[in-house]
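# Understanding the architecture of this molecule
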Amino acid sequence: DDADLACGRAPKCAIDYQAKISGPLFDRIDLHVDVPTVKPADLSKTSAGESSALVAARVLAAREIQKQRYKKASILVNAHADGDLLAEIAPLDSDSKQLLTQAAEKMKLSARGWNRVLRVARTLADLAGQPDIAHPHVAEALTYRRFINRPAK
């Protein structure tokens, strides 16, 4: 965090700002990712992460998996799967289902939020080249949900 750029009223400022965004609107956002400030000195350093080419290849492979999965459906990607189709393409083993159930209770996920976690978990499994959703995919998908702890009115 860059103290020079931080809000002087934090964390109250963030809570006030988030309170302006309705729960149903937040519920429609699949991925919440905090991106830290990059310091100028860090820009010249070489990265130890995956190259853009490798990431692009994984994304293309996942898109091909989805193209094949939905060739008989009227959709192209996991983000559009719903209802019975979502249940068919995103079955969970008992451990993963228990994790999602516990998280849904703690995070107060709506049915929409539950389905969005399933879609993201399905996509994470596709990106990993795995045919089944596993516990780590559900756990990672849950980390992308924004937990909103609103003060009582």
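Along each chain, numbering runs from 1 in the same order as the chain's sequence is written. For a predicted model such as this one, the threshold for reporting local features is a pLDDT of at least 70, and the threshold for listing and counting side-chain atom pairs is 80 or more; totals across whole chains, interfaces and linings nevertheless cover every residue. Only heavy atoms go into the side-chain values, all of them from the structure, while hydrogens and water stay out.

## Re helix H8 (residues 135–143)
Of all the positions in H8, only His137, Val138, Ala141 and Leu142 are classed as buried. The buried residues of H8 occupy an angular sector of 135° when projected down its axis, which confines them to one face. Turned more than 90 degrees away from the buried face of H8, the exposed residues are Pro136 and Thr143. The classification of residues rests on relative accessible area computed with a 1.4 Å probe and restricted to protein chains. Under 20% of the type maximum is buried, over 50% is exposed, and intermediate values are partly exposed. Here a strand is any run of E in DSSP of at least two residues, a helix any run of H or I of at least four, and the numbering for each starts at the N terminus. Read the arc as the range of directions from the helix axis to the C-beta atoms.

## Here we look at helix H7 (residues 111–127)
An α-helix turns once per 3.6 residues; consequently, residues spaced three or four apart project the same way. The end-to-end C-alpha distance of H7 is 24 Å, a good match for the 24 Å that 17 residues give at a rise of 1.5 Å each. Think of a polar contact as two N or O atoms within 3.5 Å of one another; within protein, one of them needs to be a possible hydrogen donor and the other a possible acceptor, and neighboring residues in sequence only count if both atoms come from side chains. Here H7 starts with a cap whose side-chain oxygen sits 3.3 Å from the backbone nitrogen of Arg112, and that cap is Ser110. The positive-phi residue at the C-terminal boundary of H7 is Gly129, with phi of around 70°. Take the residue count of a helix, subtract one, and multiply by 1.5 Å to get its expected span.

## So, the packing of H7 against H8
Helix-helix packing is described using two parameters, namely the angle between the two axes and the distance between the axes. Structural elements are reduced to axes, namely lines fitted to C-alpha atoms, with helices fitted over the stretch in contact, and the angle between N-to-C directions of any two is expressed from 0 to 180 degrees. Two numbers describe how H7 lies on H8: the axes approach to 8 Å, and their chain directions differ by 125°. Looking at the two axes, H7 sits oblique to H8. Once H7 is placed against H8, the crossing between them reads as right-handed. Residues Val117, Val120, Ala121, Leu124 and Ala125 of H7 form the contact with H8, whose own contacting residues are His137, Val138, Glu140, Ala141 and Leu142. Residue composition of the contact of H7 with H8, by class: eight nonpolar, one polar and one charged. We call two directions roughly parallel when the angle between them is under 35 degrees, roughly antiparallel when it is over 145, roughly perpendicular when it lies between 65 and 115, and oblique otherwise. Crossing handedness follows the turn of the near helix against the far one: under a right angle anticlockwise gives a left-handed crossing, and clockwise gives a right-handed one. By definition, residues are in contact when any of their heavy atoms lie within 4.5 Å. Side-chain classes are defined by residue name, with Ala, Val, Leu, Ile, Met, Phe, Trp, Tyr, Cys and Pro counting as nonpolar, Asp, Glu, Lys and Arg as charged, and the others, Gly among them, as polar.

## What about the packing of helix H6 (residues 94–107) against H8?
Contact pair H6 / H8: the axes reach a minimum separation of 8 Å and the direction vectors enclose 15°. Taken as axis vectors, H6 and H8 run roughly parallel relative to one another. The two elements H6 and H8 cross, and the hand of that crossing is right-handed. On H8, the residues that touch Asp95, Ser96, Leu99, Leu100, Ala103 and Met107 of H6 are His135, Val138, Ala139 and Leu142.

## Overview of the environment of Gln98
Tracing the chain through its elements places Gln98 in helix H6. Accessibility expressed as a relative area gives 45% for Gln98, which makes it partly exposed.

## Notes on the nonpolar core
Generally speaking, nonpolar side chains in soluble globular proteins are found buried as a group. Side-chain atoms within 4.5 Å are what join buried Ala, Val, Leu, Ile, Met, Phe, Trp, Tyr and Cys residues into a set we call a nonpolar core. Core analysis: the biggest nonpolar cluster contains 23 residues, and Leu100, Leu109, Ile133, Val138 and Leu142 have the highest contact counts within it. Top contributing element to this core by residue count: H7, with six residues.

## Focus on the environment of Pro136
Note on placement: Pro136 falls in helix H8. Overall, the relative accessible area of 54% leaves Pro136 in the exposed class. In the structure, Pro136 is positioned 11 residues away from Ala125 in sequence and 9.1 Å away in space, judged by C-alpha atoms.

## Some points on unusual backbone geometry
Its identity as a non-glycine residue notwithstanding, Lys108 has a phi of 55°, on the positive side. Along the chain, Lys108 turns up in the loop between H6 and H7. For Lys108, a relative accessible area of 70% gives the class exposed.

No statement about biological role is implied by the geometric values presented.
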